[in-house]
Structure formats: structure tokens, C-alpha cells
Amino acid sequence: MKLIKIKKNKIERFILPISKITIISFLVIFLCGFFFPYHEYPNDSRGYGLYAIRLVDGDYEFSSDLLTSTGKDEFVPATWIKTPHDTAIPDSMPGIAVLGAIFYLIGGEAGLFYLGPIFAICFLIASERIATKFFGPYVGLLTLSFLATNEIFFWVGRGLLTSNVFSLLFILGFYFMIKFLRTKRYNLLLLSSSLLMIPSFFRLNGIIILPIEITIIGSYFTILYIKKLKNKNLLKNKESIFLKIDKNLSKMNILKILVCILIPWIIFMGFFVSFNNYYFDDPTKTIYTA
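Residues numbered from 1 in each chain as written. Predicted model: local features only at pLDDT ≥ 70, side-chain atom pairs only at ≥ 80, totals over all residues. Heavy atoms only, no water.

**Regarding the overall build of the protein chain**
Helix and strand counts for the protein chain stand at 12 helices and 2 strands. Taken from the N to the C terminus, the helices and strands of the protein chain come in the order α-α-α-β-β-α-α-α-α-α-α-α-α-α. Of all 290 residues assigned to the protein chain, the portion counted as buried reaches 41%. Sequence separation of 24 or more characterises 69% of the internal contacts of the protein chain that already satisfy a separation of 6 or more. Of the roughly 16400 Å² of accessible surface on the protein chain, 66% is carried by carbon and sulfur atoms. (Helix = DSSP H or I, 4+ residues; strand = E, 2+ residues; numbered from the N terminus. Buried < 20%, exposed > 50% of the residue type's maximum accessible area, 1.4 Å probe, protein only. Contact = heavy atoms within 4.5 Å. Areas by Shrake-Rupley, 256 points an atom, 1.4 Å probe, with all protein chains shown as cover.)

**Examining a nonpolar patch on the surface**
Residues Leu190, Leu255, Val259, Ile263 and Ile267 make up a contiguous nonpolar surface patch of roughly 440 Å² in combined accessible area. Examined against the element boundaries, leucine 255 turns out to sit in helix H12 (residues 254-280). Overall, leucine 255 belongs to the exposed group, its relative accessible area being 60%. (Patch = residues over 30% accessible without salt bridge, like charges linked within 9 Å, V, L, I, M, F, W, Y side chains within 5 Å. Salt bridge = Lys/Arg side-chain N within 4 Å of Asp/Glu carboxyl O.)

**As for the confidence of the model for the protein chain**
Mean pLDDT over the protein chain stands at 85; residues scoring 70 or higher make up 87%. Averaged pLDDT values for the elements of the protein chain fall to 52 in helix H11 (residues 247-251) and rise to 95 in helix H9 (residues 186-197). In the model, residues 238-245 has pLDDT below 50 throughout and makes 11 contacts with residues more than four positions away in sequence or in other chains. (pLDDT = per-residue confidence, 0-100.)

**A few points about the pattern of salt bridges**
Evaluation of the coordinates by the stated rule reveals 3 salt bridges. In this structure, lysine 82 and aspartate 86 form a salt bridge, with 3.3 Å as the shortest nitrogen-oxygen distance. On the basis of relative accessible area, lysine 82 is assigned to the partly exposed category, the value being 23%. Judged by its relative accessible area of 23%, aspartate 86 falls in the partly exposed class. For glutamate 128, the salt bridge identified is with arginine 129, shortest N-O distance 2.8 Å.

**Focus on helix H6 (residues 137-148)**
The terminal C-alpha atoms of H6, which comprises 12 residues, lie 16 Å apart, in line with the 16 Å expected from a rise of 1.5 Å per residue. Buried within H6 we find Gly140, Leu141, Leu144, Leu147 and Ala148. The arc that holds the buried residues of H6, viewed along the axis, is 125°, so those residues lie on one side. (Expected span 1.5 Å × (residues − 1). Arc of directions from axis to C-beta.)

**Some points on the environment of serine 200**
The residue serine 200 is located in the loop between H9 and helix H10 (209-231) in this model. You can call serine 200 buried: its relative accessible area is 0%. For serine 200 and tryptophan 265, which are 65 residues apart along the polypeptide, the C-alpha to C-alpha distance reads 9.5 Å.

**As for the packing of aromatic side chains**
By convention here, two paired aromatic rings are described through the distance between centres and the angle between planes. Counted by the stated rule, this structure contains 29 aromatic pairs. With 6.1 Å between their ring centres and 50° between their planes, phenylalanine 103 and phenylalanine 119 make a pair best called tilted. One end of the pair, phenylalanine 103, is in helix H4 (residues 95-107); the other, phenylalanine 119, is in helix H5 (residues 109-135), and 16 residues separate them in sequence. For phenylalanine 103, a relative accessible area of 18% corresponds to the buried category. Using a relative accessible area of 15% as the deciding quantity, one classes phenylalanine 119 as buried. One Lys or Arg, arginine 203, reaches over the ring of phenylalanine 166 and ends 5.8 Å from the middle of that ring. (Phe/Tyr/Trp six-rings, centres within 6.5 Å; stacked < 30°, edge-to-face > 60°. Lys NZ or Arg CZ within 6 Å of the ring centre and 35° of its normal.)

**Focus on the environment of aspartate 91**
Checked against the element boundaries, aspartate 91 lands in the loop between strand S2 (88-90) and H4. Take aspartate 91: its relative accessible area is 30%, and that puts it in the partly exposed class. It is 9.8 Å that separates the C-alpha atoms of aspartate 91 and tyrosine 48, two residues lying 43 residues apart in sequence. Ignoring sequence-local partners within four residues, the contact set of aspartate 91 consists of Tyr51, Thr79, Trp80, Ile81 and Ile287. One polar contact links aspartate 91 to tyrosine 51, side chain to side chain, over a distance of 3.3 Å. (Polar contact = N/O pair within 3.5 Å; in protein donor to acceptor, adjacent residues only side chain to side chain.)

**Comments concerning the packing of helix H8 (residues 163-183) against H9**
Closest axis-to-axis distance for the H8/H9 pair is 8 Å, and the angle between their directions is 160°. With respect to their mutual orientation, H8 and H9 come out roughly antiparallel. For the element pair H8 and H9, the recorded crossing hand is left-handed. For the pair formed by H8 and H9, the contact residues are Leu169, Phe170, Leu172, Gly173, Phe174, Phe176, Met177, Lys179, Phe180 and Thr183 on the first element and Tyr186, Leu188, Leu189, Leu191, Ser192, Leu195 and Leu196 on the second. The residue makeup of the contact of H8 with H9, split by class, is 13 nonpolar, 3 polar and 1 charged. (Axes fitted to C-alpha atoms, helices over the stretch in contact; angles between N-to-C directions. Parallel < 35°, antiparallel > 145°, perpendicular 65-115°, else oblique. Left-handed = near helix turned anticlockwise from the far one by under 90°. Nonpolar A, V, L, I, M, F, W, Y, C, P; charged D, E, K, R; others polar.)

Pasting the structure below:
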């Protein structure tokens, strides 16, 4: 038994970390060495790079004499959306343009080339660390192996796309949510909700995370509440269990939980409505419905 235990400790202390470092190092070399330049990558990458560069130059809207004078859609470039003011704006959420502009300011075109690989590597490391934290080093290695052998991960991670940015923020947000459920620290819930909100600046479908977040947290505390009532034998009473006042639940301060969840999303909705109203003169009209 001692020999088996020694071998297991040796594997977890030396072999597993070395294996993980080797895989990550190989992927870093591959992603950074074989990146796709944004202007040569298919799909939306070319547009994202252009948006970022124009934003650094102080231009988010596109306009031209032909578009301004005629107002015809024929003079709107591909991947742009015409506005009622006879200008055009990018046909994507502004998050990727802002992030790309930051990287462009720091590293020029090289910054745009490496934005995708950097977030792919961060997503890879975060996935392994979170899996190891919750399920152990073997599951962490398995997670790393699955990502390392995924063709889509390589394809997306080498270009200027939003997928890995979205995924990284998504898993970090739920990681801190789990930590909140364990520790009941409200600052972790606020951080979690903020991280889960930010992906909506890159893809509008990220807004579906809000009801999911509320459902998970609400279900968790409801289950705890019911269990406590069962322990107190209160379920035998005819009154509804939700009319009972549970002291432990009240201490969690439901109002604080709702505030921590909703504040980031209120900020996003305020920005989104203002953005739509500014460019389309209608807070309900978006780049997807224009």
C-alpha cells in the first residue's frame, strides 16, 4: 500500500505537471507560430481588424461621399450596417473592436495577430486550472488533452475571432459563481456577474446568460431552504413552505444577491439601449434587426 501511495504521489507531483507543461508549451509554440493574419483569415476576422484600426484612428462609423449623397445600400461595404444617418457601423457588437484597439495600441498589427492566440492560450490554461481545482489533476490533464486535440480550438485560436474571448469569460464567470455558492462572499458574486455580462459586448446571444445565472442561484438557495425545512420537520404543516421565514436564508440577504447579479447587467442594458438609440434613433433597433 505504501509503495502504491508513493507511486501515486510521484505521478501527481512530477509526471502530471510535466505532461501539462509539455502540452501547453507545444500549443503556445503552435498557436503563436502559425497564427492567421486577420486580413487573410476567412469569416469575420478581416472586419474585426479593420474596426479596431479605425477605432484607434477615432472612427467607428464609416461614411463616404457616395453613401452620404445617395443613401443607397450599394455603397455600404461588406460587414457593415447602414444607419438612418446615411453612415455605416460594424455589423458586430463593439466589444471586439474595443479589445482589438487596445491590442493594436500596444503592439500594432502584431497585437491584432496575437490577440486570438493569447486568448486561446488563456482559455486553455484556465480550463485546466478550473478542472484541476474542482475535480483533481487527472481530470485537469484530461481537459487539457481534449482541448489540445480539438481541431476547432486550433482553427479558431489562430485567428482574430470572438469565440475564445467569449469562452474564457464564460468559464471564469461560472468559476467565481461556484466560489460564491461555497463561501457566500458577495464580492465574488459581483465579479462573477460582471464576467458573465462582458461576453454580451462581443456577442449579443451572451444575454441568455442572465436568466441562466438567476435560475442557478435561485435554485441553489431554494434547494437549501427546502432541505432546512425538512430537517426541522416543517413540511408536515399544511402551510406553504414558502410562507415560512427561515432565519438562515434571511441572513443571506436576498436583496444583496439580486443587486450583485443585476448591477452589471443594468450597466450593459444601459449601454446597449444608448448605443441603439444613438446610431438607429430607436433603442429597440439593433445591428441584427436594422
